[in-house]
Amino acid sequence: MSEVVSYELKDNIGVISVNNPPVNALAQSVRSGILQAVQASQNDESKAIILRCEGRTFIAGADITEFGKPPKEPGLTEVLAAIENSSKPVIAAIHGTALGGGFEVTLACHYRCAIETAKVGLPEVKLGLLPGAGGTQRVPRIAGVKFALEMMTKGNPIAVGKALDVGLIDQIIDGNEINQNAVEYAKNLVESSAPLKRIRDIEINGSDLESGFFDQARKQLAKRARGQIAQDRIVSCIEAAVNLPIDKGLERERELFRELVMSPESASMRHIFFSERQAAKIEGLAKATPLRSINKVAIIGGGTMGGGIAMCFANVGIPVVMLEVNDEALERGLGIVKKNYNITVQKGRLAADQMDKRLELISGTTNYEHIADVDMVIEAVFENLDLKKEIFTKLDGVCKPGAILATNTSYQDVDAIAEATARPEDVVGMHFFSPANVMKLLEVVRGEKTADDVLATVMQVGKRIKKVCALSRVCYGFIGNRMLSGYGREAQMLLLDGCTPAQVDGALENFGMAMGPLAMGDLAGLDVGYKARQALTNLPDDPKLYRMGTLLVEMGRYGQKTGSGYYKYDPETRKRMSDPEVESLIVEEAEKLEIDRREISDEEILARCFYPLINEGAKILEEGIAQRASDIDVVYIYGYAFPVAKGGPMHYADTVGVKKVYEKICEFRDRYGEEYWSPAPLLKRLAEEEKSFAQWDKERSGV
Ligand code: 3HC
Ligand code: NAI
């Protein structure tokens, strides 16, 4: 048929096979291949037709790289119509993941069978899209309106057992002989004269929907996915499925899909989809770099981070030993892990027997001899360089040759830690984010002497424990924390200049940040930043700098843990409330500093808080700390809850225009001083050349 689609007859069953690695995406060649095969099958002696895939998965969706480019014939709609109108039953045989357009192809088939391990799903929403090939019209017809809404607005894959229960598939087949079993299933259908079941012919049932159901859904989704439009459009499509004949509903779906494909939101989310995968790749490292095998891990320190990191490994079946200073600390560490698992079980997100299995994988010790056999150690003790060096010298003495020695330090010099051992090539940074068992980001810190195979192994381990990895070179705070300092600084400066805490946080939350920086400070504890600042010797001598944060700590207002910080908190609900006392204090301090407070727009708040991130990001790129601008975006999306619909700070700069960002930074420099607002040379250069960070990435990688 074509290079990527073949067709053969097997015992009077026509078998269409798609072979477009790695994930059989529906590229133009696949679409035209399937179309031709279906057309050919109509005139041969086949009695039924199977649609199946080679390789690791069934079709995992439309080819995302084609979005935003001129459409190429044939469109998916044409292919689906050919399948649905086939005079012989078409049966999808699913393995791996049938996702997005891939699952929608199966919904145009007359029957769907899948092996036990397969999953189906409509994850388009995660790309700022909606299912654009009939999914919004067909799923409610077979699985009901409420299920369809949940499935499409969350976008999570569904296991076959559940898929069978709700009618998304018709049959589970044994995966050992998938091809043979699919043919058998097809033959049975033929022998029993099974009808040509077209989902489009099913009468939709909206009778159980409460009045105002769709408006209510829209409201809830607007809260859950602040600032995103895809969820709203999905509701509109399902509403159309209930109220309109299917062809009209399909038209509405196409119209709204087109709107979303062109939206900045979807462009940002597609950018992150590819950036996340790109970030795991290390420039200059051969694909065939050998990997060290990691079957057992030790964590040094069972505090906030150590416990969470131990859970990450146990969750994927890797045994972990937690090493603590004494029995009491060890018991506390293991106790917290147990408590965390228990909460997950209580919430119904983990089965009790699964918890037991995971807990069995976590053991504890206070004796270094007991970790001599592990393949990887991750140190997570107090943030103190001397202590960390002492521990690495000990590890060097006991760990077997080839063990990877990692530190979870947030700020310390990984090279200095490596030098405390006789094997600096085995030392690397693995910077997890809190809570470590929840946050997706893993910043992998490459020391001066870190060996290539150590880096390649850590990247692979990161993927195994379901983290998104990004590589950083050594510098104070690595990529993420280094960039953050200007963000927090400006949030505080804005108070003196005229804002209330609620105004600063509100502007950033409306932009899509999960929590504004001042509320975040209250959550983390204002004393943490206060102590960290005291250790810094190079801060400008400026009474405005961190004035409000410092004063609040000195008043005993540490944030949520003391019931008040920038805000006051309801002792029971922890709801944050504006505090007139803080607002008066800000005004008083501004007066003392002779600052003329003024009206500040949300636009200025965004610029003052985000442009320092972008400027520092540009410095980080120029110094080679990050490999790519897109890696920085990945760090901010997965480590700092930057809104994915905005694509990360560097992508956001591209959206605003690098030149505009540069000019604004120059304006702030003239207004607020060089020590805070010195434009990065790279930013200046890109602005002058009218280039984006995306172009810079492309030029550097030679694409
Ligand atoms: N289009 C183009 N490329 C894709 C792709 C797609 N739909 N899905 C994956 N790829 C690429 C990845 O970019 C990656 O490329 P690389 O090797 O050059 O980095 C490669 O395939 C392998 O992908 P992963 O590293 O993600 O492989 P995994 O095995 O970890 O995961 C997967 C496989 C679960 C299928 C995952 O790739 C995935 O979730 N893909 C996206 C699925 C999706 O969102 N589908 C919906 C698309 S939109 C749509 O269908 C619209 C329709 O309604 C009209
Ligand atoms: P923590 O104070 O909660 O835990 C540290 C643990 O280390 C304690 O349980 C302590 O008993 C143990 N410990 C101290 N000395 C030890 C030794 N010699 N041997 C074995 N155990 C020892 O600290 P936290 O927050 O878990 O931080 C640990 C590391 O992780 C630090 O380097 C920190 O910078 C880093 N980090 C912290 C993040 C956070 O948000 N808390 C985020 C990312 C990294």
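All of these numbers come straight from a predicted model, not from anything done at the bench. (Residues numbered from 1 in each chain as written. Chains lettered and ligands numbered in written order. Predicted model: local features only at pLDDT ≥ 70, side-chain atom pairs only at ≥ 80, totals over all residues. Heavy atoms only, no water.)

**Some thoughts on the domain arrangement of the chain**
Right, so step 1: Taken domain by domain, the chain holds domain 1 (5–261), domain 2 (297–477), domain 3 (481–592) and domain 4 (605–701).
Right, so step 2: Contact residues are listed per partner, giving 24 residues for domain 3 and 26 residues for domain 4.
Right, so step 3: For the domain 3 and domain 4 pair, buried surface summed over both sides reaches about 2200 Å², with 68% attributable to carbon and sulfur atoms.
Right, so step 4: Of all residues in domain 3, Arg-482, Met-483 and Phe-511 give up the largest surface area on contact with domain 4, accounting jointly for 38% of the area buried on that side.
Right, so step 5: Inspection of the domain 3/domain 4 interface yields four salt bridges.
Right, so step 6: Residue Glu-616 pairs with Arg-482 through a salt bridge whose shortest N-O separation is 2.8 Å.
Right, so step 7: If one sorts the elements of the side of domain 3 that touches domain 4 by residue count, helix α18 (residues 478–497) sits on top with 12 residues.
Right, so step 8: Residue composition of the side of domain 3 that touches domain 4, by class: 15 nonpolar, four polar and five charged. (Domains from an automatic or database assignment. Contact = heavy atoms within 4.5 Å. Buried area = accessible area lost by both parts, 1.4 Å probe. Salt bridge = Lys/Arg side-chain N within 4 Å of Asp/Glu carboxyl O. Helix = DSSP H or I, 4+ residues; strand = E, 2+ residues; numbered from the N terminus. Nonpolar A, V, L, I, M, F, W, Y, C, P; charged D, E, K, R; others polar.)

**Structural notes on the nonpolar core**
Right, so step 1: Ranked by size, the top nonpolar core spans 86 residues in total, and within it Ile-34, Ile-83, Ile-94, Phe-103, Val-120, Val-139 and Leu-168 carry the most contacts.
Right, so step 2: Excluding anything up to four places from it in sequence, Ile-94 contacts Phe-58, Thr-106, Cys-113, Ala-114, Ile-115, Ala-118, Val-120, Ile-169 and Ile-178.
Right, so step 3: In terms of nonpolar packing, the next biggest core, distinct from the first, is built from 81 residues, Cys-475, Val-504, Met-548 and Ile-600 among them. (Core = buried A, V, L, I, M, F, W, Y, C linked by side-chain atoms within 4.5 Å. Buried < 20%, exposed > 50% of the residue type's maximum accessible area, 1.4 Å probe, protein only.)

**A closer look at the pattern of salt bridges**
Right, so step 1: In total, this model carries 53 salt bridges according to the counting rule given.
Right, so step 2: Here Lys-544 and Asp-542 are joined by a salt bridge, their closest N and O atoms 3.5 Å apart.
Right, so step 3: Here Lys-544 falls in the partly exposed class, since its relative accessible area comes to 30%.
Right, so step 4: One network of salt bridges, with partners in common, ties together Arg-489, Glu-490, Asp-497, Arg-598, Glu-604, Arg-608, Lys-664, Glu-667 and Arg-671.

**Some points on the sheet that holds strand β3 (residues 48–53)**
Right, so step 1: Reading across the sheet, the six strands line up as β1-β2-β3-β4-β6-β9 and stay open at both edges, with mixed pairing between neighbours. A strand with exactly one partner marks an edge of an open sheet, and here the two such strands are β1 (5–10) and β9 (171–173). Pairs of neighbouring strands in the sheet enclose a mean axial angle of 25°, with direction left out of account.
Right, so step 2: Two elements, strand β4 (residues 90–94) and strand β6 (residues 111–115), share four bridges in a ladder whose sense is parallel. By the bridge assignment for β6, Ala-92 is matched with Arg-112.
Right, so step 3: Packing of helix α1 (residues 28–41) onto the sheet brings it into contact with β1, β2 (13–18) and β3, and relative to β1 it is tilted by some 25°. (Pairing = 2+ DSSP bridges. Axes fitted to C-alpha atoms, helices over the stretch in contact; angles between N-to-C directions.)

**A short note on helix α2 (residues 76–84)**
Right, so step 1: Those residues of α2 lying buried are Leu-76, Val-79, Leu-80, Ala-82, Ile-83 and Glu-84.
Right, so step 2: Looking at the buried positions of α2, the neighbouring elements they touch are α1, β4, α3 (101–108) and α4 (135–143).

**Looking at the packing of aromatic side chains**
For any pair of aromatic rings, the description consists of the separation of the ring centres together with the inter-plane angle of the planes.
Right, so step 1: Taken as a whole and judged by the stated rule, the model has 15 aromatic pairs.
Right, so step 2: Between Phe-511 and Phe-610, the aromatic rings sit 4.7 Å apart at their centres with planes inclined by 45°, giving tilted as the arrangement. Placement of Phe-511 in helix α19 (residues 501–511) and of Phe-610 in helix α24 (residues 602–622) is noted, with a sequence separation of 99 residues between them.
Right, so step 3: Taking the relative accessible area as the measure of exposure, Phe-511 reaches 7% and is therefore buried.
Right, so step 4: Pairing Tyr-567 with Tyr-569 gives two aromatic rings, centres 6.5 Å apart and planes at 70°, and the pair type is edge-to-face. Side by side, Tyr-567 and Tyr-569 carry an identical accessibility label, which is buried. (Phe/Tyr/Trp six-rings, centres within 6.5 Å; stacked < 30°, edge-to-face > 60°.)

**Quick notes on the site of ligand 2**
Right, so step 1: As a matter of local geometry, ligand 2 sits amid 22 residues, with Met-305, Glu-324, Glu-383, Lys-388 and Ser-410 nearest to it.
Right, so step 2: Between Glu-324 and ligand 2, the recorded distance is 2.5 Å, taken from a side-chain N or O atom to an oxygen atom.
Right, so step 3: Taking Asn-408, its side chain carries an N or O atom lying 2.9 Å from an oxygen atom of ligand 2.
Right, so step 4: In the complex, the protein chains occlude 79% of the 830 Å² of accessible area that ligand 2 would expose alone.
Right, so step 5: Within the residue set of the shell around ligand 2, elements represented by two or more residues are α12 (304–315), α15 (385–398) and β15 (427–432).
Right, so step 6: Looking at the shell around ligand 2, the element that brings in the most residues is α15, giving three residues.
Right, so step 7: When the residues that make up the shell around ligand 2 are grouped by side-chain class, the tally is 10 nonpolar, nine polar and three charged. (Near = heavy atom within 4 Å. Polar contact = N/O pair within 3.5 Å; in protein donor to acceptor, adjacent residues only side chain to side chain. Areas by Shrake-Rupley, 256 points an atom, 1.4 Å probe, with all protein chains shown as cover.)

**A few points about the site of ligand 1**
Right, so step 1: Neighbouring residues of ligand 1: 25 residues in total, closest Arg-56, Glu-104, Glu-124, Arg-277 and Lys-281.
Right, so step 2: Between Lys-281 and ligand 1, the recorded distance is 2.6 Å, taken from a side-chain N or O atom to an oxygen atom.
Right, so step 3: Taking Lys-463, its side chain carries an N or O atom lying 3.1 Å from an oxygen atom of ligand 1.
Right, so step 4: Contact with the protein chains hides 75% of the accessible area of ligand 1, taken as 990 Å² for the molecule alone.
Right, so step 5: Broken down by secondary-structure element, the contributors of at least two residues to the shell around ligand 1 are β5 (97–99), α3 and α11 (264–279).
Right, so step 6: Ranked by the residues each element gives to the shell around ligand 1, the list is headed by α11, at three residues.
Right, so step 7: Counted by class, the shell around ligand 1 contains 13 nonpolar, five polar and seven charged residues.

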